Amino acid sequence: MKIAENQQGMLSIESRNIFTILKKWLYTEQDIVFRELISNAADAIEKLERLQSKESNHSHREGVIHVMLDADARKLIIRDNGIGMSEAEVHQYINQIAFSGAADFINHHDQLGKDTIIGHFGVGFYSAFMLSDHVTIETKSYRDDIPAVRWDCLSDMSYQMKPCDRNDIGTDVILHLSEENPYLKKPELIREIVQKFFTFSKTAIYYKAPDSEPVLMNDPTPLWHQPKELIDSNEMNTFYKTFFNDVNDPLFWIKFESIDIGLRGVFFFRNTRNGAEELDGTVKVYSRGVYVGENIQTLIPKFVNLQNGIIECDNLPLVVNRSSLREEETPEDMISLIYESLSQEVTIAMNEFFEKKRDQYESHWPHLNASMKYAVLQDKTFASVMTRKIIFQDLHGHYMTIQEYVDNVAATAHPEIIYYASDAIEQAHYIEIFKKCGLNALLFDHVIDQPFMRKYEVVRPGLKFIRIDSNIESLFQGYSEEGDEHRIALLERHFLNALGDRLLNMNLKITNLEHPSISTIIINDEKSRRMADMLEIYGFINPTDVSAKKIQAKSTLLINMKNGIIQYLLTAEEPVIINITINHLYDLALMSQQALKPEDIEAFINRSETILAASLNHQ
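The model shown is predicted, which means the values in this text are computed figures rather than measured ones.

### Some thoughts on the overall build of the protein chain
Next, step 1: Assigned secondary structure in the protein chain consists of 19 helices and 22 strands.
Next, step 2: Burial statistics for the protein chain: of 619 residues in total, 52% are counted as buried.
Next, step 3: Of the roughly 30,200 Å² of accessible surface on the protein chain, a fraction of 49% belongs to carbon and sulfur atoms.

Now the structure itself:
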């Protein structure tokens, strides 16, 4: 077959200069040129390999791509040993299909916006004009009887096609660069781009910078592609730290694959330094080994994105804006299938981790705590399995699920009630009271625990969650004795006279408790306390305004007549001593909740010194 010695022509498109538009509209995405042209080269190699597998008369050759920068000649060359093209194919695929596709891309981009998929309209090849005003193709078809052809095109849309002397099967795409081209000044940028987009490409890709030897840019057989049982954990940890630039080993990793939708990958659960680092992770997405983007919201469940991971799917397009995917450009329901599959894979793995490796599950919990609870709140699939497998520490440092607390703790002492502490320091006084009384509670001390608790109350409406400083008088079995009416009336007068307006709207409850070590304790109504906390979160109450919170929350000052100090007040006659004692007891009760107002601190210090002085004088 003979090629015409010299074919010339003009590409046209309704008086609009497509190359100028491409350069302007895609200006910030120049690295796409490498992604598109190298992807085309990889496709050509894959086509030849498929053909060779069907035709016995073709010997198999290992596919390889070379990216070469010739600074002296100002040329960027992308070479493959793929299927090549004939003159007719260049005319069909470059002059007609690719160009008309590029035109469609331009005509539609206003409606489609920046999420437009480059490859969909065949604009990939013409992205070369983002970097060059002169592009050359030299190509030789795999068919022996087809001569090589050279195609040149300028930015004014004039092209020329003629025979060339190429003997090797494959294609060279040559970009003639201007003197100001940034890649001539910084050749290392090309290495970074190629490694970014093609680090897992199954075709070997070499980059030759000026005055350098060719260097392999990718890993055609990455470690995470291997069967799980063949992967060495130390090697995987090393890979993880290098790839994600993390100084810590992952806690563990989950390898997954869904053959039906061509999905595979690995998730690494991060070491968050016991919760000190809880920023979003990085999940990188690839399509047939080519980088598509990372943290793509429509593709990756939010809770999965708290970890680091790699996802590869054979059916994803390449997009310009790599933060999202356009669903209409993917196979029907593909995005939702991938989303659901990722959710299911993580759910199955974490359920198995809980059931079969409970000790490890608990040891990793400080790192998993927030992300697991967030997953329950965000994802229905995960919540349906893992809600009852979220664990909490109790007052003694042991881990248990809410159901385990109900079965082993609440069943005997307070059925269907889960007592919890939200701050081990702020509620230390109440925690010690619980311990002295042989009672137990769970620690809900993370900011996400409150919304998790509300969700659990919806799942188990029969359960009640009560903070250990709320509605706990029933735990101490308060009771009345003969003659208590008189004592209660006397103590009530003493406390009301001594505290006056300091009580605000706080109620008094005077009773007998089995534990004489308790003198006074403030208990809060759980519902009104939650409302006060919510008003504070939404800015309706100043966090430093203790009085406003006390007014909003319905609180009770519980007074134990079995306590020695309270019994002293029943017989005391000096009003000054009664006043000092009651105000000091009240301040101590407020301090146990970190609710003592700043203006009352000075009075508390002075009163404390008075009590110390009186104590020393009695010695």
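### Description of the sheet that holds strand β22 (residues 555-560)
Next, step 1: One open sheet accounts for 3 strands, arranged β20-β22-β21; its pairing is mixed. This sheet does not close on itself; its edge strands, each paired only once, are β20 (507-511) and β21 (520-524). Looking at each pair of strands side by side, their axes are set apart by 25° on average, direction ignored.
Next, step 2: Sheet topology note: the β21/β22 ladder contains 5 bridges and is antiparallel. Bridge assignment links Ile 522 to a residue of β22, and that residue is Leu 557.
Next, step 3: Contacts from helix α14 (residues 484-499) reach β20, β21 and β22, with the element oriented near 145° to β20.

### Some details on the pattern of salt bridges
Next, step 1: In this structure the tally under the stated criterion is 25 salt bridges.
Next, step 2: Taking the shortest distance from any N to any O, the salt bridge between Asp 31 and Lys 196 comes out at 3.4 Å. Taken together, the residues span a long stretch of sequence, with Asp 31 in the loop between α1 (18-25) and α2 (32-54) and Lys 196 in helix α5 (residues 188-198) at a distance of 165 residues.
Next, step 3: In this structure Asp 31 comes out as buried when scored by relative accessible area, which is 13%.
Next, step 4: Measuring nitrogen to oxygen at the nearest pair gives 3.1 Å for the salt bridge that ties Glu 294 to Lys 284. On the criterion of sequence distance, the pair formed by Glu 294 in strand β13 (residues 290-294) and Lys 284 in strand β12 (residues 283-287) is long-range, its members being 10 residues apart.

### Details of the nonpolar core
Next, step 1: Judged by nonpolar contacts, the single largest core of 98 residues is most densely connected at Met 350 and Ile 402.
Next, step 2: Every residue in contact with Met 350, bar those within four places of it in the chain, is listed here: Phe 252, Ile 254, Phe 269, Tyr 361, Leu 368, Met 372, Phe 382 and Met 386.
Next, step 3: Counting 57 residues, the second largest nonpolar core, distinct from the first, contains Ala 41, Ile 78, Val 135 and Val 290.

### Some points on empty space enclosed by the protein
Next, step 1: Throughout the structure, instances matching the rule amount to 1 cavity of 30 Å³ or more.
Next, step 2: Considering only enclosed or pocket space, the largest cavity measures out at about 90 Å³ in volume.
Next, step 3: Those elements giving two or more residues to the lining of the largest cavity turn out to be β11 (263-269) and α9 (365-378).
Next, step 4: If one sorts the elements of the lining of the largest cavity by residue count, α9 sits on top with 3 residues.
Next, step 5: For the lining of the largest cavity, a count of residues per class yields 8 nonpolar, 2 polar and no charged.

### Focus on the packing of aromatic side chains
Next, step 1: Following the criterion strictly, the structure yields 29 aromatic pairs and no others.
Next, step 2: Centre to centre, the rings of Tyr 286 and Tyr 291 are 5.7 Å apart; their planes meet at 70°, and the pair counts as edge-to-face.
Next, step 3: Since its relative accessible area comes to 2%, Tyr 286 is described here as buried.
Next, step 4: A centroid spacing of 5.8 Å and a plane angle of 55° characterise the contact between Phe 444 and Phe 465, whose relative ring orientation is tilted. Pair noted here: Phe 444 is in the loop between β18 (442-443) and α13 (449-459) and Phe 465 is in strand β19 (residues 464-467), with a separation of 21 residues, a long-range link. Across the pair, Phe 465 and Phe 444 agree in class, each one buried.

### Some details on helix α7 (residues 334-356)
Helical geometry: 3.6 residues make up each α-helical turn, so side chains three or four residues apart lie on a common side.
Next, step 1: The terminal C-alpha atoms of α7, which comprises 23 residues, lie 33 Å apart, in line with the 33 Å expected from a rise of 1.5 Å per residue.
Next, step 2: For α7, the set of buried residues is Met 334, Ile 335, Ile 338, Ser 341, Leu 342, Ser 343, Val 346, Thr 347, Met 350, Phe 353 and Phe 354.

### Side note on the environment of Ile 448
Next, step 1: Its place among the elements puts Ile 448 in the loop between β18 and α13.
Next, step 2: Residues Ile 448 and Leu 377 lie 71 residues apart in sequence; the distance between their C-alpha atoms is 9.4 Å.

### Some thoughts on helix α17 (residues 564-571)
Next, step 1: Along α17, the residues classified as buried are Ile 566, Leu 569 and Leu 570. The buried residues of α17 all sit within an arc of 105° when viewed along its axis, so they share a single face.
Next, step 2: Each element contacted by the buried residues of α17 is listed here: α14, β21, β22 and α18 (575-591).
Next, step 3: Capping the start of α17, Asn 563 holds a side-chain oxygen 2.9 Å from the backbone nitrogen of Ile 565, two or three residues further along.

### Notes on the confidence of the model for the protein chain
Next, step 1: In the predicted model, the protein chain carries a mean pLDDT of 84, and 82% of its residues have values of at least 70.
Next, step 2: Per-residue pLDDT stays below 50 along residues 12-16; that stretch engages in 9 contacts with residues further than four places along the chain or on separate chains.
Next, step 3: Across residues 320-324, where pLDDT falls below 50, the model places 26 contacts with residues more than four positions away in sequence or in other chains.

### What to know about the packing of α14 against α18
Next, step 1: Taken N-terminus to C-terminus, the directions of α14 and α18 make an angle of 80°; their axes are 9 Å apart at the nearest point. By the angle between their axes, α14 is roughly perpendicular relative to α18. Note on element contacts: α18 touches α14 through Ile 578, Asn 579, Ile 582, Asn 583 and Tyr 586, opposite His 494, Phe 495, Ala 498 and Leu 499.
Next, step 2: Broken down by class, the residue content of the contact of α14 with α18 amounts to 6 nonpolar, 3 polar and no charged.

### Examining unusual backbone geometry
Next, step 1: Here the phi dihedral of Arg 74 falls at roughly 55°; this positive angle occurs in a residue that is not glycine.
Next, step 2: Among the secondary structure elements, Arg 74 is positioned in the loop between β2 (64-70) and β3 (75-80).
Next, step 3: Overall, Arg 74 belongs to the partly exposed group, its relative accessible area being 33%.
Next, step 4: A positive phi angle is found at Arg 288, which is not glycine, with a value near 50°.
Next, step 5: Summarising the element assignment, Arg 288 is placed in the loop between β12 and β13.

### Re the sheet that holds β12
In sheet architecture, strand pairing relies on hydrogen bonds along the backbone and comes in two forms, parallel and antiparallel.
Next, step 1: In spatial order, the strands read β10-β11-β14-β12-β13; together these 5 strands make up an open sheet with mixed pairing. Edge positions in the open sheet fall to β10 (252-258) and β13, since each of these has one partner strand only. In this sheet, neighbouring strand axes are inclined to one another by 15° on average, regardless of whether the strands run parallel or antiparallel.
Next, step 2: In this sheet, strand β14 (residues 308-313) lies alongside β11 in antiparallel orientation, the contact comprising 6 bridges. Bridging from a neighbouring strand, Leu 263 pairs with Cys 313 of β14.

What counts, and where the lines are drawn
Residues numbered from 1 in each chain as written. Predicted model: local features only at pLDDT ≥ 70, side-chain atom pairs only at ≥ 80, totals over all residues. Heavy atoms only, no water. Helix = DSSP H or I, 4+ residues; strand = E, 2+ residues; numbered from the N terminus. Buried < 20%, exposed > 50% of the residue type's maximum accessible area, 1.4 Å probe, protein only. Areas by Shrake-Rupley, 256 points an atom, 1.4 Å probe, with all protein chains shown as cover. Pairing = 2+ DSSP bridges. Axes fitted to C-alpha atoms, helices over the stretch in contact; angles between N-to-C directions. Contact = heavy atoms within 4.5 Å. Salt bridge = Lys/Arg side-chain N within 4 Å of Asp/Glu carboxyl O. Core = buried A, V, L, I, M, F, W, Y, C linked by side-chain atoms within 4.5 Å. 1 Å grid on protein atoms, 1.4 Å probe; cavity = no way out; pocket = protein on both sides within 12 Å on 5 of 7 lines; lining within 4 Å. Points joined across faces, edges and corners; volume = space filled by probe spheres on them. Nonpolar A, V, L, I, M, F, W, Y, C, P; charged D, E, K, R; others polar. Phe/Tyr/Trp six-rings, centres within 6.5 Å; stacked < 30°, edge-to-face > 60°. Expected span 1.5 Å × (residues − 1). Arc of directions from axis to C-beta. Polar contact = N/O pair within 3.5 Å; in protein donor to acceptor, adjacent residues only side chain to side chain. pLDDT = per-residue confidence, 0-100. Parallel < 35°, antiparallel > 145°, perpendicular 65-115°, else oblique.

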